[in-house]
Amino acid sequence: MSNTDATPDEVTCRASPFVGVLQPRDVPLGGPRAIRVRRTLPQRERSLIGAWCFADHYGPHDVRAGGGMDVPPHPHTGLQTVTWLFSGEVEHRDSGGVHALVRPGELNLMTAGAGICHSEVSTPNTRVLHGVQLWVALPDDARDTGRDFAHFAPIPRRLDGATLRVFLGELAGARSPVPTFTPLLGAQLDLDPAAGVTLELDPAFEHGVLVDRGDVAVAGTALAVGELSFHPVGCTGLRVANRGAEPARVVVLGGTPFREQLVMWWNFVGRSHDEIAAYRRLWEDGDARFGSVSGYRGALSRLPAPPLPGGKLRPRANPGV
């Protein structure tokens, strides 16, 4: 998925002493048929949860009432994209030659590495589009890896009063076989009405809990839909409770602190202003670094890159590095 802001912010990705609840901001997504998404990462208060560096939450969006998702071919570097749907269907095409349908409850993980481009379009079968789009920053020794794509459908694991689907990493005895370049956790937790579970966590991880629906409290703090609670390393257990009479759903993210300096701008993750500027120039020049997408039939053949900001993009060190 693309960051389609016309004037994207410079984001200095770093850890911070912030502990609390991140509020989402609404941004448009999808070019001429834009839908709105709720973005909780990155923010000034917190840029990263482990290597998770970007989180968009969208829907439920009735595509019959105003069009669906149509994101033209756009580039990525230095990251992986994780698409996880609750409802709807999205057609994915990328310059690695992958043509796949993204469906609810199925992980689709695309590795950009040194460079890739892809398109995302909701299919005619979609009535309601609803899900999350997440990015993972690649460490320096893996960020120039080749293009790749992985698909995995986790088997739901029933807990007391809840259902767990682990799409990356390991939680509550459920494990995803999909390899990652840094230790990560990604899971969907569905809570029965008035039910609660205490999740045993890896204390070496930072964690975040994003509320998709329901009247949810995390560690005793009530969260609204779209809000994300952050929990630093050292946390060994987390109580997630549905206080309502209807089902609730959250997404749990985690990972070891990402200690490297990053600069993230538009759809690029790099290490310096000059690197980002070079990526932008190569994309605008149609360089083979990103390749091309076959079969996309949207209004735009590719997304143009926005202008770079007037100042210099600068990384900052994470605390303790």
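As the structure is a computational prediction, the values presented were derived from the model and not from experiment. Per-chain numbering applies: the sequence of each chain, read as written, is numbered from 1 onward. For a predicted model such as this one, the threshold for reporting local features is a pLDDT of at least 70, and the threshold for listing and counting side-chain atom pairs is 80 or more; totals across whole chains, interfaces and linings nevertheless cover every residue. Note that water and hydrogens are dropped before the side-chain values are worked out from all heavy atoms of the structure.

**Q** Quick one: what's the story with the UniProt feature "domain: Pirin C-terminal" (unreviewed entry) in the chain, residue by residue and with numbers?
**A** UniProt positions are given in the numbering used here, feature names are shortened, and annotations may be inferred rather than shown by experiment. According to UniProt, the positions carrying the feature "domain: Pirin C-terminal" (unreviewed entry) are residues 188-286. Across residues 188-286, helical content stands at 12% and strand content at 48%; the span's end C-alpha atoms are separated by 38 Å. Under the scheme used here, helices are H or I runs from DSSP no shorter than 4 residues and strands are E runs no shorter than 2 residues, and both carry numbers assigned from the N terminus.

**Q** How would you explain the confidence of the model for the chain if you had to name every residue and give the values?
**A** The pLDDT score gives, residue by residue, the confidence of the prediction method on a 0 to 100 scale. This prediction gives the chain a mean pLDDT of 91; 90% of its residues lie at or above 70. Throughout residues 10-16 the model reports pLDDT below 50, and contacts reaching past four residues in sequence, or to other chains, amount to 31 contacts. Contacts were defined at the residue level, with two residues in contact if any of their heavy atoms lie within 4.5 Å. Segment residues 317-321: pLDDT under 50, and 11 contacts once partners within four positions in sequence are set aside and those in other chains are kept.

**Q** So, the side chain of Glu227: which residues are in play, and what are the values?
**A** Summarising the element assignment, Glu227 is placed in the loop between strand S22 (221-223) and strand S23 (228-231). Each residue's exposure class comes from its accessible area (1.4 Å probe, protein chains only) as a fraction of the maximum for that residue type: buried when under 20%, exposed when over 50%, partly exposed otherwise. Under the counting rule used here, the positive set is Lys and Arg, the negative set is Asp and Glu, and His together with the chain ends is not counted. Between Lys or Arg on one side and Asp or Glu on the other, a salt bridge is scored when a side-chain nitrogen of the former is within 4 Å of a carboxyl oxygen of the latter. Look at Glu227: it is buried, it has no salt bridge, and the nearest opposite charge is Arg243 at 9.5 Å. Engagement of the side chain of Glu227 in a polar contact is seen with the side chain of Gln23, the distance being 3.1 Å. Filtering out sequence-adjacent residues up to four positions away, Glu227 remains in contact with Val21, Leu22, Gln23, Pro24, Val209, Leu210, Val211 and Ala222. Here a polar contact is recorded for every N or O atom pair within 3.5 Å, except that within protein the pair must consist of a potential hydrogen donor and a potential acceptor, and residues adjacent in sequence are included only if both atoms are side-chain atoms.

**Q** Explain the UniProt feature "binding site: Fe cation" (unreviewed entry) in the chain to me, and be specific about the residues and the numbers.
**A** As recorded in UniProt, the feature "binding site: Fe cation" (unreviewed entry) lies at His74, His76, His118 and Glu120. Across 47 residues of sequence, these annotated residues stay compact in space, with a maximum C-alpha separation of 13.5 Å. As for its position among the elements, His118 is in strand S11 (residues 116-122). At a separation of 3.0 Å, a polar atom in the side chain of His118 contacts the side chain of His74. The topology assignment puts Glu120 in strand S11.

**Q** Can you lay out the sheet that holds strand S19 (residues 196-200) for me, pointing to particular residues and giving the numbers?
**A** Two strands make a pair as long as DSSP finds a minimum of two bridges between them. With antiparallel pairing, four strands are arranged side by side in an open sheet as S19-S24-S21-S22. On the outer flanks of this sheet lie S19 and S22, each paired with one strand and no other. The sheet shows a mean angle of 25° between the axes of neighbouring strands, taken without regard to direction. Helix axes use the C-alpha atoms of the stretch in contact, all axes being lines fitted to C-alpha atoms, and the angles between their N-to-C directions lie in the range 0 to 180 degrees.

**Q** Describe the packing of aromatic side chains, with residues and values.
**A** Think of a pair of aromatic rings as described by two things: how far the centres are apart, and how the planes are tilted against each other in angle. By convention, a stacked pair of Phe, Tyr or Trp rings (six-membered ring in the case of Trp) has centres within 6.5 Å and planes under 30 degrees apart, an edge-to-face pair has planes over 60 apart, and any other such pair is tilted. Under the definition given, this model contains seven aromatic pairs. Any Lys NZ or Arg CZ that is within 6 Å of a ring centre and within 35 degrees of that ring's normal is treated as a charge sitting over the ring. The ring of Phe86 is capped by Arg249, whose NZ or CZ atom sits 4.2 Å from the centre of that ring. Taking the ring centre of Trp283 as reference, the NZ or CZ of Arg302 above it sits at 3.7 Å.

**Q** Outline the sheet that holds strand S20 (residues 206-213), supporting the account with residue identities and numerical values.
**A** Strand order in the open sheet formed by seven strands is S2-S23-S20-S25-S18-S15-S14, with antiparallel pairing between adjacent strands. Of all the strands in the sheet, the pair left with one neighbour each is strand S2 (20-22) and strand S14 (157-159). Strand-to-strand twist in this sheet, taken as the mean axis angle between neighbours without regard to direction, amounts to 25°. In this structure, S20 lies alongside strand S25 (residues 248-255), joined through seven bridges in antiparallel fashion. Bridge pairing in S25 places Glu206 opposite Gly255.

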